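# Reading the structure
Each chain, letter by letter, is given below.
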Amino acid sequence: MAVNLSFLLILTGLTGIHSITTINRVSVRAGDSISIPCLYDPQFRNSMKYLCKGYYFNSCSYLAKTNQQSSGKFSISDDNDQRIFTVTLNDLMDTDTDYYWCAVEINEESDVGEYFYLSVTRGMPRLYVDHQEITGFNGENIIINCYHRNSGKPSWCRLGSSCVRSSGSIDGARVTIDDRALNVFTVMMTELRAESSGWYACVRRDIQIPVHVTVTEKPTTNTPTATRHLTNLSHTSEHLNHTSVFASEGPTGHLSFTIRLSLLVLFVMMTSFIWLMVRRCKQTKETSAISTEQQEEVRYTRKPSGEVLQPLKGQYVIYNRSKLKHTLGHLKSFVFVLFFRIHTSYKKKQI
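Here the structure is a predicted model, which is why all the values come from computation and not from measurement.

## Side note on the sheet that holds strand β12 (residues 142-148)
- Strand order in the open sheet made by the five strands is β10-β12-β17-β16-β15, with antiparallel pairing throughout. Each edge of the open sheet carries a strand with a single partner, namely β10 (127-129) and β15 (167-170). Taking the axes of each pair of neighbouring strands and ignoring which way they run, one obtains an average angle of 25 degrees across the sheet.
- Looking at chain direction, β10 and β12 are connected through three bridges and run antiparallel.

Below is the structure:
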């Protein structure tokens, strides 16, 4: 009977019968932080909200106010549209175990407030989650694991709304609780809607842990556009690869090109020289044959002194050698000019 009464008191606090609705009891490990939501009535939208600490509300000490800059230890923020102000307690220690009050200042009247008890432990908390912030997409599902160290039936409640103990729905979203695993119960919310966004709580007996759920539209992806971008990226990559190949040649690439060109020119020159030598040799043989035939027709004469006049047999050979030397001189000049131009072009490309 006591357990059921305790659960009813928790549900009364979470479902918002009072002017301010918040959790009743929370357990936190030393060194961690926690955010506590406080839901208030519409008439308090423009009122100042604050967090205070102490067993008695009338004598509690102020920790954070919405009209003042918050400290690093305690902070407060107010969402007028959702009518929820959130208090955050950071870097908690054993000495922070106490009663706290979510309160609203009312001019010329007594302030209103609702307390929660914060227990800071050095071991694992009695009830905790991996993250207090959960994000889901419209029409899809989310799963929340609630870890605990105490017995009792689990519940999943929405702040200021209803609770589910096994299966059911909250504001249009289906809720299923699986309590078969040891020291953890799993909450699955399916068919999420935009209005499913808000503050919820895992509940196990007299302990709760707040969880904020945000439901957004799932981002759409255009597959053809993505494919086209990938194709362009592939082409760009190929272009970059080709560019990098040419860019990596540098001086070494130009030097290799110069050597190849020089070898080609040398090969052409040698081929031309051999062809020229063969042709000259043939011409020399033909000339020698003609000269021999002419010599047979020569009539030897005598000088007045009686010396016999001989014909000039090496006349054509001397002429051919002189012409060949002249050709080689031109060829050397051509090679020198060619190498000079290649060297100048290479220096300009380096600059």
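Still more ground to cover, so stick around.
## Observations concerning a nonpolar patch on the surface
- A cluster of nonpolar side chains, namely Leu 263, Leu 266 and Met 270, defines an oily patch on the protein surface of about 290 Å² accessible area.
- Exposure remark for Leu 266: the relative accessible area of 44% places this residue in the partly exposed category.

## Comments concerning unusual backbone geometry
- Of note, Asn 183 is a non-glycine position whose phi angle comes to about 60 degrees, a positive value.
- You can see Asn 183 is positioned in the loop between β16 (173-178) and β17 (184-190).
- According to the relative accessible area criterion, Asn 183 is partly exposed, its value standing at 39%.
- One non-glycine residue, Glu 191, lies in positive phi territory at about 55 degrees.
- Structurally, the position occupied by Glu 191 is in the loop between β17 and β18 (198-204).

## Observations concerning the environment of Gly 152
- One can find Gly 152 in the loop between β12 and β13 (154-158).
- Here the alpha-carbon distance between Gly 152 and Asp 206, two residues 54 residues apart in the chain, equals 9.4 Å.
- When near neighbours in sequence (up to four residues on either side) are disregarded, Gly 152 contacts Asp 179, Arg 204 and Arg 205.

## Digging into the side chain of Gln 132
- Its location among the elements puts Gln 132 in the loop between β10 and β11 (133-137).
- Residue class for Gln 132 comes out buried when judged on its relative accessible area of 18%.
- There is a polar contact of 3.0 Å between the side chain of Gln 132 and the backbone oxygen of Ser 35.
- Setting aside chain neighbours within four positions, we find Gln 132 in contact with Ser 33, Ile 34, Ser 35, Trp 199, Pro 210, Val 211 and His 212.

## Things to note about the state of the cysteines
- Counted by the stated rule, this structure contains four disulfides.
- Each disulfide pairs two cysteine sulfurs, and for Cys 52 the partner residue is Cys 60, the sulfurs being separated by 2.1 Å. Around the S-S axis, the bridge from Cys 52 to Cys 60 shows a dihedral of about -75 degrees and counts as left-handed.
- Two residues, Cys 146 and Cys 202, share a disulfide whose sulfurs are 2.0 Å apart. A torsion of -40 degrees about the S-S bond marks the disulfide between Cys 146 and Cys 202 as left-handed. Of this pair, Cys 146 sits in strand β12 while Cys 202 sits in strand β18; the two residues are 56 residues apart in sequence, bridging distant segments of the chain. Pair check on accessibility: Cys 146 and Cys 202 agree, each one buried.
- Cysteine pairing for the chain (bonded cysteines numbered in sequence order): 1-4, 2-3, 5-8, 6-7.

## Quick notes on the sheet that holds strand β6 (residues 74-79)
- Taken in spatial order, the four strands of this open sheet run β1-β3-β7-β6, and their pairing is antiparallel. Of all strands in the sheet, those with a lone pairing partner are β1 (20-21) and β6, marking the two edges.
- Two strands pair when backbone bridges link them, and β6 and strand β7 (residues 84-89) are joined in this way by six bridges, in the antiparallel orientation. Considered in β7, the bridge of Ser 77 is made with Thr 86.

## Remarks on the packing of aromatic side chains
- Across all of its chains, the model carries eleven aromatic pairs by this definition.
- Centroid distance Tyr 55 to Tyr 99: 5.1 Å. Interplanar angle 85 degrees. Geometry classified as edge-to-face. Here Tyr 99 lies in strand β8 (residues 98-104) and Tyr 55 lies in the loop between β4 (49-53) and β5 (61-65), a separation of 44 residues in the sequence.
- Taking 4.8 Å as the distance between ring centres and 55 degrees as the angle between the ring planes, the aromatic pair formed by Tyr 99 and Tyr 117 counts as tilted. Of the two residues, Tyr 99 is situated in strand β8 and Tyr 117 in strand β9 (residues 112-121); the sequence distance between them amounts to 18 residues.
- Residue classification places Tyr 99 among the partly exposed positions, given a relative accessible area of 23%.
- On the accessibility criterion, Tyr 117 (19% relative accessible area) is buried.
- Its end group placed over the ring of Tyr 40, Lys 49 keeps NZ or CZ at 4.2 Å from the ring centre.
- Its end group placed over the ring of Tyr 62, Lys 65 keeps NZ or CZ at 4.0 Å from the ring centre.

Parameters and conventions
- Residues numbered from 1 in each chain as written.
- Predicted model: local features only at pLDDT ≥ 70, side-chain atom pairs only at ≥ 80, totals over all residues.
- Heavy atoms only, no water.
- Pairing = 2+ DSSP bridges.
- Helix = DSSP H or I, 4+ residues; strand = E, 2+ residues; numbered from the N terminus.
- Axes fitted to C-alpha atoms, helices over the stretch in contact; angles between N-to-C directions.
- Patch = residues over 30% accessible without salt bridge, like charges linked within 9 Å, V, L, I, M, F, W, Y side chains within 5 Å.
- Areas by Shrake-Rupley, 256 points an atom, 1.4 Å probe, with all protein chains shown as cover.
- Salt bridge = Lys/Arg side-chain N within 4 Å of Asp/Glu carboxyl O.
- Buried < 20%, exposed > 50% of the residue type's maximum accessible area, 1.4 Å probe, protein only.
- Contact = heavy atoms within 4.5 Å.
- Polar contact = N/O pair within 3.5 Å; in protein donor to acceptor, adjacent residues only side chain to side chain.
- Disulfide = S-S within 2.5 Å.
- Phe/Tyr/Trp six-rings, centres within 6.5 Å; stacked < 30°, edge-to-face > 60°.
- Lys NZ or Arg CZ within 6 Å of the ring centre and 35° of its normal.

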